[in-house]
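# Report on the structure
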Amino acid sequence: MKYEDSSQNLRARLRFVQALVVLMLGVLTVRLYVLQVVRHEKYAEIAENQRRRRLPIPAPRGVIFDREGKVLVDSRPIYNVMMSREDVIQNKKLLTMVEPLAMGLNIEKEMLRERFLLVDSMPAFESVKVKEDASPGDIAWVEAHTLEYPELRVEQQPQRQYPANGSLAHVLGYVGEISPEQLKQPATKDKGLKPGDTIGLSGLEQIYDDYLRGKDGYREVVVDSRGRIQAEIEIVPPTPGRDLVSTIDLDLQKAAEEQLENSVTKRGVIIAMDPNNGEILALASAPTFDPNLFSQRITTKEGRAEYAALLNDPQKPLLNRAVQSRQPPGSTWKIPMAVAGLQQNAITLEHSNLVCGGGITIGNKFTRCMGNHGSPDIKSAITHSCDGYFYRLGLKMGIDGIVSMVDEFDLNKRTGIDLPNEILNWTPSREFKQRNWPRDPDWRDIDTVYASFGQVYDIITPISLLRTIAAVSQSGRMYIPHLLKEVKAIGNPGDADYQGPVGFQPLDPSRPSRKIIPIPKGIHHAVGVGMWSVVNAGGTGSRIKMDGFDIAGKTGTAQVVALGKDTGKNKDHSWFVTYAPAFKPEVAMVGLIENSGFGGSHAAPAVRGVYDEYYRKTRHQEPPNALPKPQIAKQETPKTTKPPTATAAARPQAIVTNR
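Described in the following lines is the structure provided in the data block.

Here is what the cut-offs are and how they apply
Along every chain, residues carry numbers that run from 1 in the direction the sequence is written. Thresholds applied to this predicted model are a pLDDT of at least 70 for local features of residues and 80 or more for the giving and counting of side-chain atom pairs; totals over whole chains, interfaces and linings are not thresholded and use all residues. Side-chain descriptors were evaluated using all non-hydrogen atoms of the structure, hydrogens and water having been removed beforehand. DSSP bridges decide pairing: two strands pair if at least two such bridges lie between them. The way it works is that DSSP assigns letters per residue, a run of H or I at least four long becomes a helix, a run of E at least two long becomes a strand, and they are numbered from the N terminus. Simply put, an axis is a line fit to the C-alpha atoms, just over the touching stretch for a helix, and the angle between two N-to-C directions goes from 0 to 180 degrees. Note on contacts: a residue pair is in contact if any heavy atoms of the two residues lie within 4.5 Å. For Phe, Tyr and Trp, where Trp contributes only its six-membered ring, two rings pair if their centres lie within 6.5 Å, and the inter-plane angle classes them as stacked under 30 degrees, edge-to-face over 60, or tilted in between. For every residue, the accessible area (1.4 Å probe, protein chains only) is compared with the maximum for its type, and the residue is labelled buried under 20%, exposed over 50%, or partly exposed between those bounds. Any two cysteine sulfur atoms lying within 2.5 Å of each other are counted as a disulfide. Joining through side-chain atoms within 4.5 Å is the link that ties buried Ala, Val, Leu, Ile, Met, Phe, Trp, Tyr and Cys residues into a set, and such a set is a nonpolar core. Whenever Lys or Arg places a side-chain nitrogen within 4 Å of a carboxyl oxygen from Asp or Glu, that contact is recorded as a salt bridge.

### Concerning the sheet that holds strand β19 (residues 573-580)
Pairing is antiparallel in the open sheet, where 5 strands are placed in the order β12-β11-β20-β19-β18. Where the open sheet ends on each side, the last strands, each with one partner, are β12 (280-286) and β18 (552-558). Along the sheet, successive strands turn relative to each other by an average axial angle of 5°, direction set aside. Pairing of strand β11 (residues 268-273) with strand β20 (residues 587-593) involves 6 bridges; the strand directions are antiparallel. Across the sheet, residue methionine 273 finds its bridge partner in β20, namely alanine 588. Against the sheet, helix α12 (residues 250-261) contacts β11, β12 and β20, and its axis sits at roughly 25° relative to β12.

### Quick look at the packing of aromatic side chains
If you walk through the whole model with that rule in mind, you get 15 aromatic pairs. Measuring from centroid to centroid gives 5.6 Å for phenylalanine 549 and tyrosine 615, while their planes differ by 85°, and the two rings are edge-to-face. Taken as a pair, phenylalanine 549 in the loop between α22 (521-536) and β18 and tyrosine 615 in helix α23 (residues 603-619) lie far apart in primary sequence, 66 residues in all. Across the pair, tyrosine 615 and phenylalanine 549 agree in class, each one buried.

### With respect to the state of the cysteines
A covalent bond bridging the sulfur atoms of two cysteines is what the word disulfide describes. Under the defined criterion, the tally for this structure stands at 0 disulfides. Free cysteine cysteine 369: the closest other cysteine sulfur is in cysteine 356, separated by 3.8 Å. Overall, cysteine 369 belongs to the buried group, its relative accessible area being 8%. Free cysteine: cysteine 386, not disulfide-bonded; nearest cysteine sulfur from cysteine 356 at 3.5 Å.

### Here we look at the environment of alanine 255
Of note, alanine 255 is situated in helix α12. In contact with alanine 255, not counting residues within four places along its chain, are Gly609, Val610 and Glu613.

### A closer look at the nonpolar core
Residues Ile271, Ile280, Ile382, Tyr389, Phe390, Val527 and Tyr611 are the most contacted members of the largest nonpolar core, which totals 125 residues. Here this core takes 9 residues from helix α18 (residues 387-408), the largest share from any one element. Residues Leu105, Phe116, Val142 and Tyr149 belong to the second largest nonpolar core, which totals 16 residues.

### Some details on the pattern of salt bridges
Applying the stated criterion across every chain yields a total of 33 salt bridges. Of the charged contacts, one joins arginine 153 and glutamate 155 as a salt bridge, the two residues approaching to 2.6 Å between their closest N and O atoms. Both residues of the pair, arginine 153 and glutamate 155, count as buried. For aspartate 447, the salt bridge goes to lysine 433, with nearest N and O atoms at 2.6 Å. Of this pair, aspartate 447 sits in helix α20 (residues 445-451) while lysine 433 is found in helix α19 (residues 430-436), placing the two residues 14 residues apart along the sequence. Each member of the pair aspartate 447 and lysine 433 is classed as buried. If you follow the salt bridges from partner to partner, you end up with Arg61, Arg160, Lys191, Glu205, Asp209, Asp210 and Arg213 in one network.

Without other data, these values stay purely geometric and don't point to any function.
As structure tokens, then:
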């Protein structure tokens, strides 16, 4: 048997093993250096976070009150299911948790997935909100699944609660969780907002969110390896949001909402304002919606379905008709036309008579009047809503005069009301016609006729019309309408952290809160008497006359389609603009009932219902000849009386038309 020397082979293997050991030790040394030196801070933070947690304490939002101190919006305590960000980051199967959590807690899967995808952008100590307003069943589910999901916990937090039945929904707005798109906006980053934060998304909640939101606090605690709290290190209490006092009078608001609810179509707007300062006393837009959907139910399947139904509702309940709906104003447009015609000397107080003629013919086009009023003066033309008069007044003023009127009353600007998404009016001008009628861009006399009586080229918002009428009632003092009366002070005067009360300031700092329009006393009186006579001297609004409380007003009936097609859902819009008492105004109002018919038959009685409530509150007695509740009934036209001034109202010169 031949002997083979294997020592050389063994020594080679030994050297290989030694080299492998050295290499492995080298790799471990490099890895240890990276962990201990290069990435020391990162892993030290992770280790510390596993031991210490900062649990947020949400700040309660400020309360919103009406002008008399009645609570409109408050917060209630609820329980939320939360997860620590560190637990979420370390869980490699995070997205696989979406389906079981969604099923167990009845959450929309897509919404939960969106929240989990935002985790990487969150600060280290923040928490992820899994479900808001957890039910007792949800809390029991979390407790029963502690072993599978030890990172889940239940915390008490405040939740917004709004009035029932959608009352004041378009004024108060609603809150909701900040969206990924909003988080990307520079203004949002400057405020330190983060995923999961609740912010105002509409109404006063949105406009005054910085005051209402407050600043969150936190609890710093020590936890074990399973995330269970072992000790509390520090508590930083939250700073509550500031309370807000609105200008709303809740009693008038309820009266306005009741009138819209009892109207023929249940669609429209009623706004009441103090013309002496621009404070909004009531703002009702119908139909309405329940803002509690957005603060309480939007994360559920049922809530998502409810929201989809609102978006697809042809009645558009989410639309704030006061500031987001443009409509032709009809004959209410005649009030600023009358003021401007006298200002521009197209007519004078001594010689204001113009022919009615039952209408006017321009070229081969005849535009009718609803009656034949002879040759009325300006007061009688307002009282009986003579279209023929204002056709001719418009031609005397010309398009340049009408454009000047639009500019004077800011009808080509937003009012500046402290509500979001106010839209611009459409007002007559050569440029407007060129832009919208490119096949017939030249301005003609017939266009001036249309522009003079609230149709075709005049499409405006109710709040803009109310601001104009309120300015007329105040001899030209025109205020920015607003809903903020005061943001309440925090702390005590003299304290370092004291924050004093804040009153209304225009949203546009460059815009004054009051504008003066030069309306001479004689013009103010003549137009005022005409509007007084609409209600009190046999005019188109005589059915709402209130004995001992002089209402001045102007009815309007606005076509939305061509004659002959204005039936059913295309019926005319019903308008009424007004202020009272007529010669020392305390309140101004606008009413619009969509697709209901004549202004004197629908909008005027609806506004009268709000006047009844105003009279009860301010005179502390039942209003004379109050309209019946809840349904408004017709009244006999009262006998003609004289206005309570030295100048008598113009006598009727023709059959009264119901416009």
